[in-house]
Amino acid sequence: MPDHREFIRGIPKAELHLHIEGSLEPELMFALGKRNRVRLPYDSVEAVRQAYRFVDLQSFLDVYYNGARVLVTEQDFYDLTWAYLEKCREQNILHTEIFFDPQTHTDRGISFGTVVNGIHGALEDGGNHLGISSGLILCFLRHLSAEAAMATLDRALPFQDRIIAVGLDSSERGHPPEKFASVFDRARAEGFLTVAHAGEEGPPAYIWGALDCLQVSRIDHGIRCEEDDRLMKRLVQEQVPLTVCPLSNTALKVFGHMREHNLKRLMDAGVCTTVNSDDPAYFGGYLNENLYAITEAFELNQSEIAGLMKNAFNASFLDASKKRFFLNEVAEFENAAGAPEARQ
Ligand code: ADE
Ligand code: ZN
């Protein structure tokens, strides 16, 4: 096994862009479908994997929302989240900030509490039994109306102690951040932090909109920033973190091949980049596999890989003392890996 894979597996990691519904592996999808008597348009787990050939974001979202129909009870949301946390333990992800899409479920008649309590219960057990630190981010579906997002925010208020931030996801083109200005104004006034998907398929103007209008702390994806020099300057100057998802971008044909991905150019330009898995059950890999893919495409060295992890802990919503603790863990790992006796 090449050295870099061992280094990637061992380094303490944080993940900031993970849709919990996107971690639903076909095996669990089938098990939950059976448990809840939800029919799936596939005959087997292999047929599900065959269906995961996407041409763009929308072709993926259609399959992803269909798969989410098997999630019905609080236990289902717990099981889904627990399976992801076991992956975190396997991959040495020490801190994760996960998205959930409540409207995907409440629009099917499932209560907001069922969704949040199931996910939160698993996150709490993940903290207590696996030592994994976590945060939960509510995403509004941007293809639905601002009124529907506002109603979802209302539903979230009684659960505010369990949700650190709100975000914006789903079909990007034609749904600019400005559509949700009043929802994000209200969310910030209620004390939520904010993030938003922008510049995944949508233009750089959507990244400006997320920064200026929604006042986000991080941009999810943001890769199309490169098309706008003034925006690049701002991202570098303000060190706005981008949560980049390499395997997602190649699966959804934003880039034809990993070697064509702009992550390394963004890193070299001084943009604060982090690496994440987005919807790992659909895109062929969790965080380690994303890191293998970019390291092999761009021949990243250990210091560059460690730099991405430090960016992730720095860009997280952890408090300053926890950030310091995790950053020290990364630095210690890096030093030990670089020490001559560790190389033998
Ligand atoms: N929902 C789940 N994954 C997404 C992505 N990559 N972009 C937008 N919405 C999403
Ligand atoms: Zn995403």
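First, a word on what this report is: a plain description of the structure on this page.

Thresholds, definitions, all that
Residues numbered from 1 in each chain as written. Chains lettered and ligands numbered in written order. Predicted model: local features only at pLDDT ≥ 70, side-chain atom pairs only at ≥ 80, totals over all residues. Heavy atoms only, no water. Helix = DSSP H or I, 4+ residues; strand = E, 2+ residues; numbered from the N terminus. Phe/Tyr/Trp six-rings, centres within 6.5 Å; stacked < 30°, edge-to-face > 60°. Buried < 20%, exposed > 50% of the residue type's maximum accessible area, 1.4 Å probe, protein only. Lys NZ or Arg CZ within 6 Å of the ring centre and 35° of its normal. Core = buried A, V, L, I, M, F, W, Y, C linked by side-chain atoms within 4.5 Å. Contact = heavy atoms within 4.5 Å. Expected span 1.5 Å × (residues − 1).

Describing unusual backbone geometry
Most peptide bonds take the trans form, and the phi angle of most residues other than glycine is negative.
Now for step 1: Even without being glycine, Asn92 reaches a positive phi, approximately 60°.
Now for step 2: If you trace the backbone, Asn92 turns up in the loop between helix 5 (74-90) and strand 2 (93-100).
Now for step 3: With phi around 50°, Gln215 is a residue other than glycine that occupies positive phi space.
Now for step 4: Looking at the secondary structure, you find Gln215 in the loop between helix 10 (204-212) and strand 6 (218-221).

Some remarks on the packing of aromatic side chains
Now for step 1: One pass over the full model with this rule turns up 16 aromatic pairs.
Now for step 2: Measuring from ring centre to ring centre gives 5.4 Å for Phe54 and Phe60, while their planes differ by 80°; the resulting arrangement is edge-to-face.
Now for step 3: On the basis of relative accessibility, which here comes to 5%, the residue Phe54 falls in the buried class.
Now for step 4: Using a relative accessible area of 3% as the deciding quantity, one classes Phe60 as buried.
Now for step 5: The positively charged end of Arg5 is found above the aromatic ring belonging to Tyr292, 4.1 Å away from the centroid.
Now for step 6: One cation-aromatic arrangement involves Arg218 over Phe317; the distance from NZ or CZ to the ring centre is 4.1 Å.

Some points on the nonpolar core
Now for step 1: Core analysis: the biggest nonpolar cluster contains 110 residues, and Phe100 and Tyr282 have the highest contact counts within it.
Now for step 2: Setting aside residues up to four positions removed in sequence, Tyr282 forms contacts with Glu21, Gly22, Leu24, Met29, Tyr52, Phe54, Phe60, Val63, Tyr64 and Gly67.
Now for step 3: Counting residues in each nonpolar core, the second largest holds 5 residues, with Phe99, Ile137, Cys139 and Ala165 among its members.

Overview of the side chain of Arg234
Now for step 1: Looking at the element boundaries, Arg234 is found in helix 11 (residues 229-238).
Now for step 2: Contact partners of Arg234, with chain neighbours within four places excluded, come to Trp208, Leu211, Asp212 and Gln239.

So, helix 7 (residues 112-130)
Now for step 1: Its 19 residues place the ends of helix 7 26 Å apart at the C-alpha level, agreeing with the 27 Å of an ideal helix rising 1.5 Å per residue.
Now for step 2: Those residues of helix 7 that sit buried are Phe112, Gly113, Val115, Val116, Gly118, Ile119, His120, Gly121, Ala122, Leu123, Gly126 and Leu130.
Now for step 3: At its buried positions, helix 7 is contacted by helix 5, strand 2, helix 6 (102-106), strand 3 (133-141) and helix 8 (146-156).
Now for step 4: In the segment just after helix 7, Gly131 is the residue with positive phi, at about 70°.

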